[in-house]
Amino acid sequence: MKECIFCKIIKKEIPSSIIYEDGEILAFNDINPQAPVHVIIIPKRHIERVSELKAEDSELASKLILAGNEIAGKKGLIDPGYRLVINCNKDAGQEVFHLHMHMFGGRKMGWPPG
Ligand code: 5GP
Ligand code: ZN
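Residues numbered from 1 in each chain as written. Chains lettered and ligands numbered in written order. Predicted model: local features only at pLDDT ≥ 70, side-chain atom pairs only at ≥ 80, totals over all residues. Heavy atoms only, no water.

Student: How would you explain the site of ligand 1 if you had to name every residue and give the values?
Tutor: Around ligand 1, 16 residues are found, and the nearest of them are D30, G93, E95, H100 and H102. In this structure, N29 approaches ligand 1 through a main-chain N or O atom, which is 2.9 Å from a nitrogen atom. A distance of 2.9 Å is found between an oxygen atom of ligand 1 and a backbone nitrogen or oxygen belonging to G93. When isolated, ligand 1 has an accessible area of 520 Å², and the protein chains bury 86% of it. For the shell around ligand 1, the per-class residue count stands at six nonpolar, eight polar and two charged. (Near = heavy atom within 4 Å. Polar contact = N/O pair within 3.5 Å; in protein donor to acceptor, adjacent residues only side chain to side chain. Areas by Shrake-Rupley, 256 points an atom, 1.4 Å probe, with all protein chains shown as cover. Nonpolar A, V, L, I, M, F, W, Y, C, P; charged D, E, K, R; others polar.)

Structure representation (C-alpha cells):
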C-alpha cells in the first residue's frame, strides 16, 4: 500500500502532528481542520473503508471510538460536545482510502450534515 498517505503517516515518512499512538491506533491533527479541534483517528492496519470491517475487527472498531472519547476528554470536549464521523465512499465524501474517523469539536455544529 505504498501509495496510501495515511500508511506513510503511520511509518513517519510524512510528518504529522501526532496526539495519540499505541500498537494498533494512531491519532493526529487534520491538515485542513474544519473545526477548532479536528483529529483523525486511524487503525495502523490498512483497511480501505469502514464497510470492510469484519466481525473479527470488532475490538479494533471499538478502539477507534474509545480513542476518540479519550482525546475528547483530554481536550475538555465531553460536556460541550464533539462529533465522531466516518465517511464511506463517494457519496459521503471519502477522499483518503484508509479507514479513518474524524473527531470534531470546539464549535457548535450543524445538523443535518451537508
Ligand atoms: P475524508 O474526506 O476521506 O473522510 O477525510 C480525509 C481527511 O484527511 C481530510 O479531512 C483531510 O484534510 C485529511 N488529510 C488528507 N491528507 C492529509 C495529510 O497528509 N495529513 C493530515 N494530517 N491530514 C490529511
Ligand atoms: Zn493505508
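Student: Pulling in residues and values, what's your account of the side chain of H38?
Tutor: Among the secondary structure elements, H38 is positioned in strand β3 (residues 37–43). Relative accessible area serves as the criterion here: at 5%, H38 is assigned to the buried category. A distance of 3.0 Å separates a polar atom in the side chain of H38 from the backbone nitrogen of Q34. Not counting the four nearest positions on each side in its chain, H38 is found in contact with F28, N29, D30, N32, P33, H102, M103 and F104. (Helix = DSSP H or I, 4+ residues; strand = E, 2+ residues; numbered from the N terminus. Buried < 20%, exposed > 50% of the residue type's maximum accessible area, 1.4 Å probe, protein only. Contact = heavy atoms within 4.5 Å.)

Student: So what about the coordination of the zinc ion (ligand 2)? Which residues, and what values?
Tutor: Taken together, the protein donors to the zinc ion (ligand 2) comprise C4 (SG), C7 (SG), H46 (ND1) and H98 (ND1), at separations of 2.0 to 2.3 Å. With four donor atoms in place around the zinc ion (ligand 2) and angles of 105 to 117 degrees between them, the coordination shape is tetrahedral. Sequence spacing of the donors to the zinc ion (ligand 2): C-x2-C-x38-H-x51-H. With C4 in the segment before α1 (5–10) and H46 in the loop between β3 and α2 (58–74), the pair connects residues that are 42 residues apart, well separated along the chain. Taking the relative accessible area as the measure of exposure, C4 reaches 10% and is therefore buried. Residue H46 is classed as partly exposed on the basis of its relative accessible area, which comes to 21%. (Donors = N, O, S within 2.8 Å, 3.2 Å for Na, K, Ca; no water. Tetrahedral: all angles 85-135°; square planar, octahedral: opposite > 155°, others 65-115°.)

Student: I'd love a proper account of the pairing of strand β5 (residues 101–105), names of residues and values included.
Tutor: The side chains of a regular strand alternate, first on one face of the sheet and then on the other. Of all the five residues making up β5, five are buried; the element is thus mostly covered by neighbouring parts of the structure. Where β3 meets β5, five bridges bridge the pair, whose relative direction is antiparallel. For I41, the partnering residue across the bridge sits in β5 and is M101. Looking at chain direction, strand β4 (residues 82–85) and β5 are connected through four bridges and run antiparallel. Across the sheet, Y82 pairs through a bridge with G105, a residue of β5. (Pairing = 2+ DSSP bridges.)

Keep in mind these numbers describe shape, not what the thing actually does.
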